[in-house]
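Residue-level structure breakdown
Each chain is listed here by its residues.
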Amino acid sequence: MLHEGQLGIEMARRAAIRSIERVVGENAPLQDPEVASNGIREMLARGSVLVLTGAGVSTDSGIPDYRGPHGSLLRHRPMTYQEFLHEPAARHRYWARSFVGWRHMDKASPNPIHHRLAAWESTEKISGIVTQNVDGLHVAAGSRNVIALHGDLEQITCLKCGTLENRRSLDVRLHEANPGYLERIELDPSLVNPDGDVSLDQKHVDEFTMVGCLVCGSEALKPNVVYFGENVPPERKARLKELETGSSALLVIGSSLAVMSGYKLLLDARAAGKRVGLINGGPTRGDAKADFRWRTNIAEALDLLEVPARADPSTEQRRLPM
């Protein structure tokens, strides 16, 4: 029988798994694409729109999403925070898989969506970006006001003493501890997961040697990202609240909003009486609450938003000289 502490951990783990497994289905009728695009274009014309991005903005950079038609959840369940924290074997498995998969993430470059959003920030169409992604591509594209809601794979923290280390520094040490390891593995880039790891068989996991913290030697090292079942840090929430307050509307791009940390931004915007637009390739958890929902290819949608809206023919007719 589980004691109270173990019971709390198990309940949190189960809640995290429910979040991972949440299925987002249709909850509102499809909206006419022209109505949706014109509404979102008007939001951007007014300026100071807060943008929330999800995995769908990085798929064109070669990073898979979670819940799309070919999403990684079809083959892989991400590790929960509780598993990472309390199961050394699970943590070791993560680092073996991450050692192989991370370098694919590290090679990814910003795509036209990232560059478009950076340009919109420079012209004050948008006030900033809140991203659920941990790939750092918005900053690489030149966006300045970015909140990485779930952290960034670039930094590692020691769970025992709090020491921070850059991921590239850790990678050098892992190479030294695992000579020839990568050469023994045939990596299919399409199997790399959005959290930077890749599926490995148990034999390769067992062969992997983990290194310890630079200061205390502990092998309890964790990427500085928010796992399923882990809370967003309070200081990040405070900065997010400031950005929400100073924004005129919310535009969600490439996210199903299945995770509460992202969905809450939509709920906050609605509670504040702000308009909400959605651009995604599939249904989102927030469809029924959005003013504008555009079901389309994201890169093509952002291109079209640069084109002025077509005038209403009846309006043009009334403008003709008598």
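Residues numbered from 1 in each chain as written. Predicted model: local features only at pLDDT ≥ 70, side-chain atom pairs only at ≥ 80, totals over all residues. Heavy atoms only, no water.

Moving on, we get to the sheet that holds strand β6 (residues 221-225). Here three strands make up an open sheet; going across it, the order is β5-β4-β6 and the pairing antiparallel. Because the sheet does not close on itself, it has two edges, and the strands there are β5 (164-166) and β6. With strand direction ignored, the average angle separating the axes of adjacent strands in the sheet is 40°. Inspection of the sheet shows strand β4 (residues 151-158) paired to β5 by three bridges, in the antiparallel sense. Following the sheet pairing, Ile156 is matched in β5 by Glu165. Across the face of the sheet, helix α4 (residues 88-107) comes into contact with β4 and β6 while running at roughly 140° to β4. (Pairing = 2+ DSSP bridges. Helix = DSSP H or I, 4+ residues; strand = E, 2+ residues; numbered from the N terminus. Axes fitted to C-alpha atoms, helices over the stretch in contact; angles between N-to-C directions. Contact = heavy atoms within 4.5 Å.)

Following the criterion strictly, the structure yields seven aromatic pairs and no others. Judged by centre distance (5.1 Å) and plane angle (75°), the rings of Tyr94 and Trp95 are edge-to-face. An identical accessibility class is assigned to Tyr94 and Trp95; each is buried. The interplanar angle of 70° and the centroid separation of 6.3 Å between the aromatic rings of Tyr94 and Tyr227 together place this pair among those described as edge-to-face. Here Tyr94, found in helix α4, pairs with Tyr227, found in the loop between β6 and α9 (234-245); they are 133 residues apart in sequence, far enough to count as distant. Three or more aromatic residues joined by ring pairs form one cluster here, namely Phe84, Tyr94, Trp95 and Tyr227. The aromatic ring of Phe84 is capped on one face by Arg91, whose charged end is 5.9 Å from the ring centroid. (Phe/Tyr/Trp six-rings, centres within 6.5 Å; stacked < 30°, edge-to-face > 60°. Buried < 20%, exposed > 50% of the residue type's maximum accessible area, 1.4 Å probe, protein only. Lys NZ or Arg CZ within 6 Å of the ring centre and 35° of its normal.)

Our focus in this paragraph is the UniProt feature "active site" (unreviewed entry) in the chain. Summarizing the sequence annotation, UniProt attributes the feature "active site" (unreviewed entry) to His150 in the numbering used throughout. With respect to the helices and strands, the residue His150 is situated in the loop between β3 (146-148) and β4. Those residues within four positions of His150 in sequence are excluded, and the remaining contacts are Thr131, Gln132, Val134, Asn224, Val225, Val226, Val232, Arg236 and Ser261. (UniProt positions renumbered as here; feature names shortened; annotations may be inferred.)

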